[in-house]
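Chain by chain, the residues:
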Amino acid sequence: MDNRPIGVFDSGVGGLTVLKEIKKLLPNENYIYIGDTASFPYGSKSKETIIELSKKRIENLIKMNTKIIVIACGTATSQALEEMQKIFNIPIIGIIKPTVEYLKNKNIKNVGVIATTGTIRSKGWQNQIEQSIDNIKIQSKACPLLAPMAEEGWTKNEIAKLAIHEYLKNMKNIDALILGCTHYPLFESVIKEELEEHIEIINTGKMVAKQVKEYIVENNMTNEKNQEHDTQIFLTDMECNFVNIAKKLLNEDNLELQKID
Ligand code: DGL
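Draft legend 1. Just the site of the ligand, in detail. With respect to spatial proximity, 14 residues lie near the ligand, and among them Ser 11, Tyr 42, Gly 74, Thr 75 and His 183 are the closest. Tyr 42 has a polar backbone atom sitting 2.7 Å from an oxygen atom of the ligand. Contact with the protein chains covers 99% of the free accessible surface of the ligand, which is 300 Å². Per-class residue counts for the shell around the ligand are six nonpolar, seven polar and one charged.

Draft legend 2. Looking closely at the sheet that holds strand 9 (residues 231–235). The sheet built from six strands is open, its strands ordered 4-3-1-2-9-10 with parallel pairing. Only two strands of the sheet have a single neighbouring strand rather than two, namely strand 4 (92–93) and strand 10 (257–259). Both strand 1 (residues 6–10) and strand 3 (residues 68–71) contribute to a ladder of four bridges, which runs parallel. Residue pairing for strand 3: Gly 7 is matched across the bridge by Ile 69. On the sheet, helix 1 (residues 16–25) packs against strand 1, strand 2 (31–35), strand 3 and strand 9 and is oriented at approximately 170° with respect to strand 2.

Draft legend 3. Representation of the pattern of salt bridges. As enumerated under the stated definition, the model contains 10 salt bridges in all. Here Lys 206 and Glu 21 are joined by a salt bridge, their closest N and O atoms 4.0 Å apart. Of the two residues, Lys 206 is situated in helix 10 (residues 204–218) and Glu 21 in helix 1; the sequence distance between them amounts to 185 residues.

Conventions and cut-offs
- By convention here, each chain's residues receive numbers from 1 onward along its written sequence.
- Reporting of local features is limited, given that this is a predicted model, to residues whose pLDDT is at least 70; pairs of side-chain atoms are given and counted only at 80 or more, and all residues count toward the totals for whole chains, interfaces and linings.
- Each side-chain value is derived from all of the structure's non-hydrogen atoms; neither hydrogens nor water enter the calculation.
- We define proximity as follows: a residue is near a molecule or strand when any one of its heavy atoms falls within 4 Å of that partner.
- Think of a polar contact as two N or O atoms within 3.5 Å of one another; within protein, one of them needs to be a possible hydrogen donor and the other a possible acceptor, and neighboring residues in sequence only count if both atoms come from side chains.
- With residues, only the protein chains shown are counted as cover, and all accessible areas are computed by Shrake-Rupley using a 1.4 Å probe.
- Each residue is assigned to one class: nonpolar for Ala, Val, Leu, Ile, Met, Phe, Trp, Tyr, Cys and Pro, charged for Asp, Glu, Lys and Arg, and polar for all the others, Gly among them.
- For two strands to be treated as a pair, DSSP must find at least two bridges joining them.
- We count a stretch as a helix when DSSP gives it H or I for four or more residues in a row; a strand needs E for two or more, and each element gets its number in order from the N terminus.
- For this analysis, residues touch if any pair of their heavy atoms sits within 4.5 Å.
- Every angle, taken between N-to-C directions, lies between 0 and 180 degrees, and every axis is a line fitted to C-alpha atoms, over only the stretch in contact when it is a helix.
- We count a salt bridge whenever a side-chain nitrogen from Lys or Arg sits within 4 Å of a carboxyl oxygen from Asp or Glu.

Just geometry here; none of it tells us what the structure is for.
Shown next as structure tokens:
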């Protein structure tokens, strides 16, 4: 048994789509979430900067006595996960590997990936998918406007519909679309309208949650049953729309946000 919290971070609200799925599978756990709002967006930054930022957020989470860390961000997973796993002696889970395992088991042969510019440039998804699955065709598209729109709460309006249409219009003959940035599940209803019905929309949070659960169960690291548990949210900059989106997404009215330096 291990009552320490699970640490999760992203550049902003996107990682909450992952946190939400982990909380569904592991409701008895304590959680600490860091939204690196002072450094948002991660998607347009260089690999060196993403490594630096990820290091700082992981150091914050380690100081807060977390037992496992989830990089709930496609940009940081694709460009910094490997480096972080070398530097730190704490289990760190990103969003790509658990999703690639899912793809492999489903025998999908034509897949689309949408993500931030940094993630697509890094080829993080492409390389890991190709290494694990033979003869799979991948179409990738950077969608740099979507994460800032999600931070603004523009995920279902006409602008969201136009942007999604523009980004997806050339993605043809796919069986599944990976939402390779954790902000994108916030657009899921609009993406669904844009795609043909048979195309599966893959929300990475679900696969990450499964992997986190497996890891902490196998390693005997779950929180004791009937123990008090809570979720604490920290931001690196409080001047943002985070709280409104977070309340809706997590379905919690009394969310208290704290500032982290
Ligand atoms: N949610 C993040 C991702 O999964 C980052 C978006 C951003 O900050 O640009 O890539």
